[in-house]
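Now for the letters of each chain:
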Amino acid sequence: MSLLIEHAHCNSITQFNIEGDRMIVIEGAGIAGLTLANCLEIQGIDYRVIEQASEIKPIGAGIAVQSNGLAILQALGLEQDVTGCNIEKMTLAGKYFRQELMPDKGWKVKMVHRATLHHALLKNIPSSKLLLGAEISSHSSTEDSVTCHLADGSDLQGNCLVVASGIHTETHNKPYIRDSGQWCWRTVISGNAERNEGGEYWFDDFRIGVSHIGDGDYYIYQVAKTAQQITEEQRLVFWQRDDVRARFPFLDVKKAVWLSHPLTERRIDWGQGNVVAIGDAAHALTPNMGQGAVLAMEDAYTLATLLNTDYSTDWNTLAEQLSALRHQRVKGIQQQSWLFGMLAHWSNPITVLLRDIAMRLSPTDAVLRQQITFFDRFIARMAPLIPDERQRLSQ
Ligand SMILES: Cc1cc2nc3c(=O)[nH]c(=O)nc-3n(C[C@H](O)[C@H](O)[C@H](O)COP(=O)(O)OP(=O)(O)OC[C@H]3O[C@@H](n4cnc5c(N)ncnc54)[C@H](O)[C@@H]3O)c2cc1C
């Protein structure tokens, strides 16, 4: 198979050398698209990543990579590249409860800067396979091939198109976005203490998350329920409160540059046939379980193992095959994340009291066990990326 990029403006045709007989076109160089590219690189399956931005500039925020994400990074040989903070204690606290999760129970989370994760995911991707400043504007597909029409007038052909272009993409379908009515601000600042801890704290009007991400840098987020009515001044007053300052004396947010946006989710849609969606394009979820990016990595890994079935890929049902493997798991965590976010912002004093008593009574061990089971279920089913390795492992 050959890959032709036809430049309409200059009437020229670029022919790339295709390494195998299959070509995967990936739309979007976010965490989902780059994870898939890494898998395909290992598998020796040819691909091109098409990214609309002319430069890859991850936003200045942190990200929690839990055991399932760490297992994928390990399979990609990137675990050591993703430096950050191995969390020793994660706290969840409200007015009348406090839970502390410790990694010694088999639970693992690494808090990292997004830029670190992106750099690691880019490390093994040859620049010849990453087309920056290129946007897929439309596509047409047959049973085993997709022709992608780029905004500059050129065409790109592959066996399948993987839509990894984020929550607002319309490539495989019109998005159905559900707004949680919550607004989030995020930043990374330097703190004056190095504590390998993280936590989320529920106050009356806001909840905040604070976590060390390594080298004395802290990832901070602040979430409010009726954010539209909150001015920047009102929001920052929160950080001057005595109870907040007493809890985080090592943080000074005065000079922080905050990113802000609403918290939303996208109705799950895996695409159709050989136009397959992964990551936020398939199922963006609210960030309350810290699993969006890691589920995107799980999608990418699972799709890669489907593509590696001894060259007998049924392109025409690829999206349906991925959906069969992923839908229940993703739907469960999307719903859980939504509910958790709603619960965190209850404001009626009686329901807050009842909620906090329930949180107090729920044993930390049971909460941890549930989390660990969720991560382990994926890890236990991770097929090796290269089938030969499967044979070697079974000997
Ligand atoms: C406040 C907040 C906190 C979060 N915290 C966590 C956390 O702690 N842990 C966690 O696992 N997840 C977390 N998430 C979720 C996580 O950020 C997302 O799930 C993840 O980044 C999605 O990655 P993606 O690759 O699917 O999409 P994106 O990161 O959106 O990447 C899509 C890419 O596609 C490109 N693109 C778009 N359209 C086109 C086109 N037509 N042609 C070419 N390129 C295109 C875009 O430029 C972009 O680079 C959080 C999310 C939020 C909002």
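Throughout this description, residue numbers start from 1 for each chain and increase along the sequence as written. Selection of residues for local features in this predicted model requires a pLDDT of at least 70, selection of side-chain atom pairs for listing and counting requires 80 or more, and totals for whole chains, interfaces and linings are taken over all residues. With hydrogens and water excluded, all non-hydrogen atoms of the structure serve as input to the side-chain values.

(A) Structural view of the site of the ligand. Lining the immediate environment of the ligand, one finds 30 residues, of which E51, A64, R114, D280 and A293 sit closest. In protein, a polar contact requires one atom able to donate a hydrogen and another able to accept it; more generally it is a pair of N or O atoms within 3.5 Å, and residues adjacent in sequence count only if both atoms are side-chain atoms. Here a nitrogen atom of the ligand sits 3.1 Å away from a polar atom, N or O, in the main chain of Q52. Between a nitrogen atom of the ligand and a main-chain N or O atom of G292, the distance comes to 3.3 Å. For the ligand, whose accessible area on its own is 1000 Å², the fraction buried by protein is 83%. Sorting the residues of the shell around the ligand by element identifies α1 (31-43), β4 (46-51), β5 (62-66), β15 (177-190) and α7 (292-307) as the ones contributing at least two each. A per-element tally of the shell around the ligand places α7 first, with three residues. Its residues assigned to classes, the shell around the ligand comprises 14 nonpolar, 10 polar and six charged. Near residues are defined by distance, with any heavy atom within 4 Å of the molecule or strand qualifying the residue. Residue-level accessible areas treat just the shown protein chains as cover; the underlying method is Shrake-Rupley with a 1.4 Å probe. A run of H or I in DSSP counts as a helix once it spans at least four residues, and a run of E counts as a strand once it spans at least two, with each numbered from the N terminus. For this classification, Asp, Glu, Lys and Arg are treated as charged, while Ala, Val, Leu, Ile, Met, Phe, Trp, Tyr, Cys and Pro are nonpolar and the rest, including Gly, are polar.

(B) Structural context of the sheet that holds strand β7 (residues 89-93). The criterion for strand pairing is that DSSP finds at least two bridges linking the strands in question. Taking strand neighbours across the sheet as the criterion, the seven strands line up as β8-β7-β16-β17-β18-β15-β19 in an open arrangement whose pairing is mixed. In this open sheet, the two edge strands, each paired with only one partner strand, are β8 (98-101) and β19 (259-266). With direction set aside, neighbouring strand axes in the sheet form an average angle of 20 degrees. As judged from the five bridges shared by β7 and strand β16 (residues 197-202), these two strands associate in the parallel manner. What sits directly across from T91, in β16, is G199. With axes taken as lines fitted to C-alpha atoms, and helix axes fitted only over the stretch in contact, angles between N-to-C directions fall between 0 and 180 degrees.

(C) Up close: the pairing of strand β9 (residues 109-113). Burial within β9 is extensive, with five of its five residues counted as buried. Inspection of the sheet shows β5 paired to β9 by five bridges, in the antiparallel sense. Bridging across to β9, G62 finds its partner in H113. Across two bridges, the pairing between strand β6 (residues 85-86) and β9 is antiparallel. If you follow N86 over to β9, its bridge partner there is K110. Exposed residues in this analysis have more than 50% of their type's maximum accessible area, buried residues have under 20%, and partly exposed residues fall in between, with area computed by a 1.4 Å probe over protein chains only.

(D) Representation of the sheet that holds strand β13 (residues 155-158) in the model. Strand order in the open sheet formed by three strands is β11-β12-β13, and the pairing between neighbours is antiparallel. One side of each edge strand has no neighbouring strand; the edge strands of this open sheet are β11 (136-141) and β13. Geometrically, the sheet is characterised by an average inter-axis angle of 20 degrees between neighbouring strands, direction not taken into account. In this structure, β11 lies alongside strand β12 (residues 146-150), joined through five bridges in antiparallel fashion. The residue of β12 that forms the bridge with H139 is C148.

(E) Spotlight on the nonpolar core. We call a set of buried Ala, Val, Leu, Ile, Met, Phe, Trp, Tyr and Cys residues a nonpolar core when their side-chain atoms join them within 4.5 Å. I24, I26, L36, L73, I278 and L303 are the most contacted members of the largest nonpolar core, which has 96 residues in total. The element that contributes the greatest number of residues to this core is α7, accounting for 10 residues. Apart from the residues within four sequence positions on either side, I24 is in contact with L40, I45, D46, Y47, R48, C160, V162, L307 and W315. Of all hydrophobic cores here, the second largest spans 21 residues; its members include A193, Y218, F238 and W258. Note on definitions: a residue-residue contact is assigned when non-hydrogen atoms from the two residues lie within 4.5 Å.

(F) Quick peek at the packing of helix α8 (residues 318-344) against helix α10 (residues 364-380). Running from amino to carboxyl end, α8 crosses α10 at an angle of 155 degrees, the nearest separation of the two axes being 12 Å. As far as their axial angle goes, α10 and α8 are roughly antiparallel. Between α8 and α10 the crossing geometry is left-handed. Facing R326, R329, I333 and Q336 of α8, the residues of α10 in contact are Q370, F374, F375, R377 and F378. Looking at the contact of α8 with α10 residue by residue, the class counts come to four nonpolar, two polar and three charged. Angle categories: roughly parallel below 35 degrees, roughly antiparallel above 145, roughly perpendicular from 65 to 115, and oblique for all the rest. Helix crossings are classified by the rotation of the near helix relative to the far one: an anticlockwise turn of less than a right angle makes the crossing left-handed, while a clockwise turn makes it right-handed.

(G) A look at the pairing of β16. Along β16, five of the six residues are buried, which leaves the element largely enclosed by surrounding structure. Pairing of β16 with strand β17 (residues 206-214), which is carried by five bridges, proceeds in the antiparallel orientation. Each bridged residue has a counterpart across the sheet, and for W202 the counterpart in β17 is R207. In textbook terms, the turn of a hairpin is the stretch between consecutive antiparallel strands, and for β16 and β17 this stretch comprises three residues.

Shape is all these values report; function is a separate question.
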